[in-house]
Amino acid sequence: MSNNKNEKVLEIKDVHAKIGNKEILKGLSLDLEPGKVHAIMGPNGAGKSTLSKTIVGHYDVEMSGGDIIYKGKSIKDWEPEERALEGIFLSFQHPVEIPGVNNAYFLRTAVNAKRKHEGKEELNAAEFLREMKKYLELLGMKSDMISRSLNEGFSGGEKKRNEILQMMMLEPDVIILDEIDSGLDIDALRAVSEGINRMKDGKRSFLVITHYSRILDYIEPDYIHVLKDGKVIKTAGPELVAQLEEHGYDAIEE
Amino acid sequence: MTLTINNLKKKSKDEIAQMLGLTDDLPPSKEAALERLAELGIPTKKSEEYRYFDVESLLDKSYEVHLHVPKEPKIGEKIVIENGVIIEVPKGMRVYYDQCDALDLTHYDPIYYLSHLLAPHVIKIDLDGDAEVELVHRYTHSGALLPYRIVLFNQENRHATVYETFETEEISESLILYGYDMHIAKDSTLRLIKTQSMDENRYAMISSNRIKVNDHANAIIKTFDLGGDHALQLLKVDLGTYSHIDAGHLLYLNHQAKRGTVSKINHIGEHSTSQQEAKNILDGNARGIFDALIKVEHSAKWTKAHQNSKAILLHEDAYMAAKPQLEIYIDELEASHGATTGQLDRKQIFYLQSRGISYVEARKMLVIAFANTLIETVKDTRHQERIQKAFEKAFYAGHKELKR
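Asker: Looking at this structure, how should I read unusual backbone geometry?
Answerer: Generally, phi is negative for residues other than glycine and the peptide bonds are trans, each holding for most cases. One non-glycine residue, glutamate 179 of chain A, adopts positive backbone phi at about 50 degrees. Relative to the assigned elements, glutamate 179 of chain A resides in the loop between strand S9 (174–178) and helix H6 (186–199). The backbone phi angle of aspartate 229 of chain B is positive, close to 65 degrees, even though this residue is not glycine. Within the secondary structure layout, aspartate 229 of chain B lies in the loop between strand S14 (218–227) and strand S15 (230–239).

Asker: Just to check I follow, could you spell out the sheet that holds S14 of chain B for this structure?
Answerer: All names here are of chain B. Across the sheet, eleven strands lie side by side as S3-S5-S4-S8-S10-S12-S14-S16-S18-S20-S22; this open sheet has mixed pairing. Each edge of the open sheet is held by one strand with a lone partner, namely strand S3 (74–76) and strand S22 (333–342). Sheet twist, expressed as the mean angle between neighbouring strand axes with direction ignored, is 10 degrees. Relative to S22, strand S20 (residues 303–313) runs parallel, the two being bridged by ten bridges. Pairing of alanine 311 across the sheet is with threonine 341, part of S22. Across the sheet, helix H6 (residues 359–375) lies against S14, strand S16 (244–253), strand S18 (273–282) and S20, angled at about 155 degrees from S18, the strand it touches most. Strands in contact with helix H7 (residues 381–398) are strand S8 (132–139), strand S10 (159–168), strand S12 (189–198), S14, S16 and S18; relative to S14, the strand with the most contacts, it is inclined by about 30 degrees.

Asker: Any chance you could explain the interface of chain B and chain A here in plain terms?
Answerer: Interfaces are often sized by the accessible area lost when the parts come together. The partner chain A presents 30 residues to the 17 residues of chain B that form the contact. Taken over both partners, the interface formed by chain B and chain A buries close to 2,100 Å², and the fraction arising from carbon and sulfur atoms is 68%. Of all residues in chain B, the largest losses of buried area upon contact with chain A belong to Phe350, Tyr351 and Arg355 of chain B, amounting jointly to 38% of the total for that side. Between arginine 355 of chain B and glutamate 163 of chain A there is a salt bridge, with its nearest N and O atoms 2.8 Å apart. Seen at the junction of chain B and chain A, the total is nine residue pairs in polar contact (both at pLDDT 80 or more).

Asker: Before we go on, may I ask you to explain the layout of surface pockets in this structure?
Answerer: To locate leftover empty space, one rolls a probe as large as a water molecule over the atoms. All names here are of chain B. Quantified by volume, the second largest pocket comes out at close to 450 Å³. Along the wall of the second largest pocket there are 21 residues; nearest its centre are Ser197, Met198, Asp199, Ala390 and Lys393. Only S10, S12, S14 and H7 provide two or more residues apiece to the lining of the second largest pocket. Counting residues per element, the lining of the second largest pocket draws most heavily on H7, which supplies six residues. Tallied by class, residues from the lining of the second largest pocket come to seven nonpolar, nine polar and five charged.

Asker: Honestly, the sheet that holds strand S3 (residues 37–41) of chain A in this entry has me stumped. Any pointers?
Answerer: Hydrogen bonds along the backbone pair up the strands of a sheet, which may run parallel or antiparallel. Residues and elements named next belong to chain A. Read from one edge to the other, the open sheet built from six strands follows the order S6-S9-S10-S3-S11-S12, with strand pairing classed as mixed. Whereas interior strands pair on both sides, the edge strands pair on one side only; in this sheet they are strand S6 (88–91) and strand S12 (231–236). Averaged over all pairs of adjacent strands, the angle between strand axes in this sheet comes to 20 degrees, irrespective of strand direction. As paired elements, S9 and strand S10 (residues 205–210) share five bridges and run parallel to each other.

Definitions and cut-offs
- Residues numbered from 1 in each chain as written.
- Chains lettered and ligands numbered in written order.
- Predicted model: local features only at pLDDT ≥ 70, side-chain atom pairs only at ≥ 80, totals over all residues.
- Heavy atoms only, no water.
- Helix = DSSP H or I, 4+ residues; strand = E, 2+ residues; numbered from the N terminus.
- Pairing = 2+ DSSP bridges.
- Axes fitted to C-alpha atoms, helices over the stretch in contact; angles between N-to-C directions.
- Contact = heavy atoms within 4.5 Å.
- Buried area = accessible area lost by both parts, 1.4 Å probe.
- Salt bridge = Lys/Arg side-chain N within 4 Å of Asp/Glu carboxyl O.
- Polar contact = N/O pair within 3.5 Å; in protein donor to acceptor, adjacent residues only side chain to side chain.
- 1 Å grid on protein atoms, 1.4 Å probe; cavity = no way out; pocket = protein on both sides within 12 Å on 5 of 7 lines; lining within 4 Å.
- Points joined across faces, edges and corners; volume = space filled by probe spheres on them.
- Nonpolar A, V, L, I, M, F, W, Y, C, P; charged D, E, K, R; others polar.

Now the structure itself:
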């Protein structure tokens, strides 16, 4: 992936999407540039989470128009796992608990599925653990969390740290962070942000979906996109955050 | 000789004896078995314990009765029983043919008596000390009716384990009538871990068992029934004072399988305890059966009885017949039972897919997670892995045509 300013890693083109019978995204267009942090802000019900679900191919969402182009290919008909294997990662707002599925076993399966897809050697258990331990410390995660069932009984902060651990291990190219700051205390927010910032390499793109500007103090955005009623109504630089803080979303005109 | 078991329907004791060729002077146990069989009658789809199992079509077929001829077994590492004949025995282990001298005359299952009548003798296994033995059943005949029975004894104050598996060659259309009379000695523990993987259309099985758990003894019975075809295990368990049974049944069925467990656990002695858990995963057009009664007799004060069935349906045509029941005649006890049926959680599947795990692998991870609480009760890791592999094989057999 080059760092060419005009290159787009992900192009969301005039997307219309429904959940049930309700149209949520109403002609949404958005381009993600390589190496940039794009923040999506908007009021409740604007379609922020639906946008993230649409990109990753969630079963709730039915795309009724438009297209999503990732690295030059349309992915709108791809299965969720194909999108993930090609490098799209969503950090869920509410990660699901899966009792009985061991966290380390799950993550190793996912990492090896991706490595296999990329034609790389799969990691054995020892190699995987060595790799993972590097990140556990950084994220302030207790080592017993990897031997527990996936997200089962994890606190809100632990779940989000676990999402970031997965992100770091899977090394995706496009990272969507859906309300990553919700339910996090200051320490957890700092640890999670540090993990995210570690992933910035000038090539990866980030789509940070948030209600509040707090997370943007930790993850510095390049662009702010305001989403309202299923469309991006304004795109600007980070200076827009202060304006939103002061005047709210209602003050933003299309 | 050929036999159609349904022809024994509504026949008198003497008529049954004649049709089975039991014309010589019969030992008392066979006389008693004849009487009970005539009394209970050949099972039909209306019989309570066979109502969810397609018994009539199995018993309506004509089979060549395969009479086993004893031969000298070789010394090996396992007990191997091929077509009802002992062919391999571990060195020093007492495995031999004998007459059954302790028939249970209160068993509810007519097939228990029929298999005793048809089997020319029983295979007795005496488990000495803290034995740990593998028992392999092997079937090599098509179109055969194969009746045989095992009588199992262990020793007081000892902890024995039997790992039981089943093998088959390229056979078809056979019916196996088989089962245990298990006598678990006072103050002992007997663990039976049964793994039975079945392909479609090889053989059907009715396994009718009696388990007597003597005072202060423990029975640990774990059954892992995987794959296709038709098989029913019927258990009758009698619990003495301070005795305990821990029964776990895992079913993973695919295709047109109809399999499961019918059980009656009788709490007879005071302070007896039972724990029975069934986990059922059903794919394709499969039908799972868990028809289980726990009966607490007047004599069984201060007992504890817990029973639970959980099922996951992987296909809209799959069906679970779960009927946990408690029959209680006293007040001084602790008891519970329940049954649930559901499907895999779509959110969980999607979460795994969103990390690059395929739809099929995601389903596999979730069903294994569901099954693991039972598989992990098998403490020996080698056998645990063997069960997991058999489970995966059955899973992929049911997912061959599923691309994603």
